[in-house]
Amino acid sequence: MPAAPQFKSEFLRNFAERGAYYDCSGPEELDALFQKERVTAYIGFDCTADSLHVGSLVQLMTLRRLQQAGHKPILLMGGGTTKAGDPSGKDEARQLLSNEQIEANKQSILSGIRHLLKFGDGPSDAILVDNAEWLDKLEWIAFLRDVGRHFSVNRMLTMESVKLRLDREQPLSFLEFNYSIMQAYDFVELYKRYGCRLQSSGSDQWGNVVSGIDLGHRLANVQLYGLTTPLITTASGAKMGKTAAGAVWLNAARVTPYDYWQFWRNTEDRDVGRFLRLFTDLLLAEIGRLEALQGAELNEAKKTLATEATAILHGRANADAAAETARRAFEEGATAAGLPTIVAMLPEGVLNLAVAAGLASSNSEARKLIANGGLKLNDVVVSDPKLAVAVSALNADGVLKLSAGKKKHVLVKPA
RNA sequence: GGGGGAGUGUCCCGAGUGGCAAAGGGGGCGGACUGUAAAUCCGCUGACUACGUCUUCGUUGGUUCGAGUCCAACCUCCCCCA
């Protein structure tokens, strides 16, 4: 990672101090620009799923901090680029999505991150743009002549996203090959439409960002800038945001505020300070105090991290509720009402209950869980896979608690 | 267009001689130890009406009592020659 320069502008200084800085195309000039005027900057996301996940959070936080510093963020939804599919980091082409699906994904993604940014007409309010607006209308020959001639296939072949696919001997369609051209074109188009001078992205998009800057010179005779964030990994080297259940999604429909809170609560010791800086709005002085905590005391910092990060995404009320549920469940050992809950007909076999509760994905897995002593019913280890859970197992609150391991608890209510 | 090589457990990498639910890693899950951490150790890691049954090795057929393993065609990728 390049060393972060000493920035003078409020935004870049804060950005770097928080560990979000990876690289920049023209650090001094951009720093000067940030001091001089309100900068319009964008980050793009494709609509390949109905939710973004934690891997995109650094980028979203970049927009948030831009806005906090009084600049103008553009959230670019890739309604057009999604139709091509970004080959970066993927072994094979994504299945093509229908236009309806893309549109639905776009709406869903937006609803999931509405707490992160303030949209509107104010000077530093975020605006939402969809690149389908211009990409859909392009004409093949005209586009090739105006834009395509500025791209060297030789160089495109050396781009990381393309090379990976070729090295792995996986097919790369011409459609996907064009992705980086579209992204470069987006940048210039956003400059023309909104005066957007900066594209921020993850470091894996560097090649595409640079292509856009280059295209800016050629098509609009303007100096554009790129600013990238590092790929966030955990201290043990794993890519962040991959857990048991798969990706940590931002939409509450996929990952509830409670589970999201738990994700942050389970941060490794060594990551606490770094994550507090990256993913919360807490002041650096306060973060310094929190990360200095030693041993088990660090758990307090993790709770703060969990609550603050959850509040940014899901709102303060949901974050506090998640914290309280966790406190009751883990610190009092109570069957906190806020735990995930399912409704089931009793009596029912434990295997079916475990599956219904999402604690196992199949009966076989539930059996294995039991065989390993990992399934508990009201905090008592279940040893018999044939156990039929009857109404008599309900506790005083009229529910029963089913647990897989020490951390996953689900309440079962009788139908 | 011709010649050669490759595609393995739907997370990844990867052994595999006709008897294979298929070696070994990584990852993941569970257990022990802890602090809802890391590291370490142990177990599990295709499904089901479960001492048995069913489905898996690019696709589709074929040979065989029996096929991931042999044959044919097709799909995809890599290399060499044109």
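Details of the structure are given in the entry above.
Okay, so let's go over this structure. For clarity, every value in this text was computed on a predicted model and none was experimentally measured.

**Quick notes on helix 1 (residues 10–17)**
- Among all positions in helix 1, only F11, L12 and F15 are buried. Buried residues of helix 1, viewed axially, fall in a sector of 90 degrees; they line one side.
- Taken together, the buried residues of helix 1 touch helix 2 (27–36), helix 3 (57–68) and strand 6 (225–229).
- Looking one or two residues past helix 1, G19 carries a phi angle of roughly 85 degrees, positive in sign.

**Concerning the sheet that holds strand 6**
- Spatial strand order, 1-6-5-2-3-4: six strands in an open sheet with mixed pairing. If you trace the sheet from one side to the other, it starts and ends with strand 1 (23–24) and strand 4 (127–130), each paired once.
- Sheet strands in contact with helix 3 are strand 2 (40–46), strand 3 (72–78), strand 5 (198–202) and strand 6, and its direction is about 155 degrees off that of strand 2.

**Concerning helix 3**
- Helix length check: helix 3, at twelve residues, gives a terminal C-alpha distance of 16 Å against a target of 16 Å (1.5 Å per residue), a fit within 8%.
- Those residues of helix 3 that sit buried are L57, V58, Q59, L60, M61, T62, L63, R64, R65, L66 and Q67.
- Just beyond helix 3, the residue with positive phi is G70, at close to 90 degrees.

**Thoughts on a nonpolar patch on the surface**
- A cluster of nonpolar side chains, W140, I141, L144 and F174, forms an exposed patch at the surface whose accessible area comes to about 450 Å².
- Considering each element in turn, the nonpolar patch owes the most residues, three residues, to helix 6 (residues 140–146).
- Secondary-structure assignment places W140 in helix 6.
- A residue is classified by how much of its surface remains accessible, and W140, at 54% relative accessible area, is exposed.

**Side note on unusual backbone geometry**
- Geometrically, the link from L346 to P347 is a cis peptide bond, its omega value of 0 degrees lying close to zero.
- Along the polypeptide, P347 turns up in the loop between strand 9 (341–344) and strand 10 (348–349).
- The phi dihedral of N378 is positive, around 50 degrees, even though this residue is not glycine.
- For N378, the position within the fold is in the loop between strand 11 (375–377) and strand 12 (380–381).
- Of note, the phi angle at D379 is positive, near 70 degrees, even though the residue is not glycine.

**Quick word on the protein's contact with RNA strand B**
- Near RNA strand B lie 32 residues; those nearest to it are N266, D269, S364, R367 and K406.
- Between S362 and RNA strand B, the recorded distance is 3.3 Å, taken from a side-chain N or O atom to a phosphate oxygen.
- Contact distances for RNA strand B include 2.9 Å between a phosphate oxygen and a side-chain N or O atom of K368.
- When contributions to the surface near RNA strand B are tallied by element, the ones reaching two or more residues are helix 12 (257–265), helix 15 (298–314), helix 16 (316–331) and helix 18 (363–371).
- In terms of residue count, the dominant contributor to the surface near RNA strand B is helix 18 (five residues).
- Along the lines of polarity and charge, the residues of the surface near RNA strand B split into eight nonpolar, twelve polar and twelve charged.

**What about the pattern of salt bridges?**
- A full pass over the atoms with the stated rule returns 21 salt bridges.
- Note that D50 and R254 form a salt bridge whose closest N and O atoms lie 2.7 Å from each other. Of this pair, D50 sits in the loop between strand 2 and helix 3 while R254 sits in the loop between strand 8 (246–247) and helix 12, and the two are 204 residues apart along the sequence.
- Note that R270 is salt-bridged to E268, the shortest N-O span being 3.4 Å.
- Classification of E268 as partly exposed rests on a relative accessible area of 26%.
- One continuous salt-bridge network, built from bridges that share partners, spans R64, R65 and D281.

**A word on the packing of helix 15 against helix 16**
- It is at 7 Å that the axes of helix 15 and helix 16 come closest, and there the two elements cross at 145 degrees. With respect to the hand of their crossing, helix 15 and helix 16 are arranged in right-handed fashion. In this structure, helix 15 contributes K303, T307, E308, T310, A311 and H314 to the contact, and helix 16 contributes R316, N318, A319, D320, A323 and E331.
- The residue inventory of the contact of helix 15 with helix 16, partitioned by class, reads three nonpolar, four polar and five charged.

Conventions used here
Residues numbered from 1 in each chain as written. Chains lettered and ligands numbered in written order. Predicted model: local features only at pLDDT ≥ 70, side-chain atom pairs only at ≥ 80, totals over all residues. Heavy atoms only, no water. Buried < 20%, exposed > 50% of the residue type's maximum accessible area, 1.4 Å probe, protein only. Helix = DSSP H or I, 4+ residues; strand = E, 2+ residues; numbered from the N terminus. Arc of directions from axis to C-beta. Contact = heavy atoms within 4.5 Å. Pairing = 2+ DSSP bridges. Axes fitted to C-alpha atoms, helices over the stretch in contact; angles between N-to-C directions. Expected span 1.5 Å × (residues − 1). Patch = residues over 30% accessible without salt bridge, like charges linked within 9 Å, V, L, I, M, F, W, Y side chains within 5 Å. Areas by Shrake-Rupley, 256 points an atom, 1.4 Å probe, with all protein chains shown as cover. Salt bridge = Lys/Arg side-chain N within 4 Å of Asp/Glu carboxyl O. Near = heavy atom within 4 Å. Polar contact = N/O pair within 3.5 Å; in protein donor to acceptor, adjacent residues only side chain to side chain. Nonpolar A, V, L, I, M, F, W, Y, C, P; charged D, E, K, R; others polar. Left-handed = near helix turned anticlockwise from the far one by under 90°.

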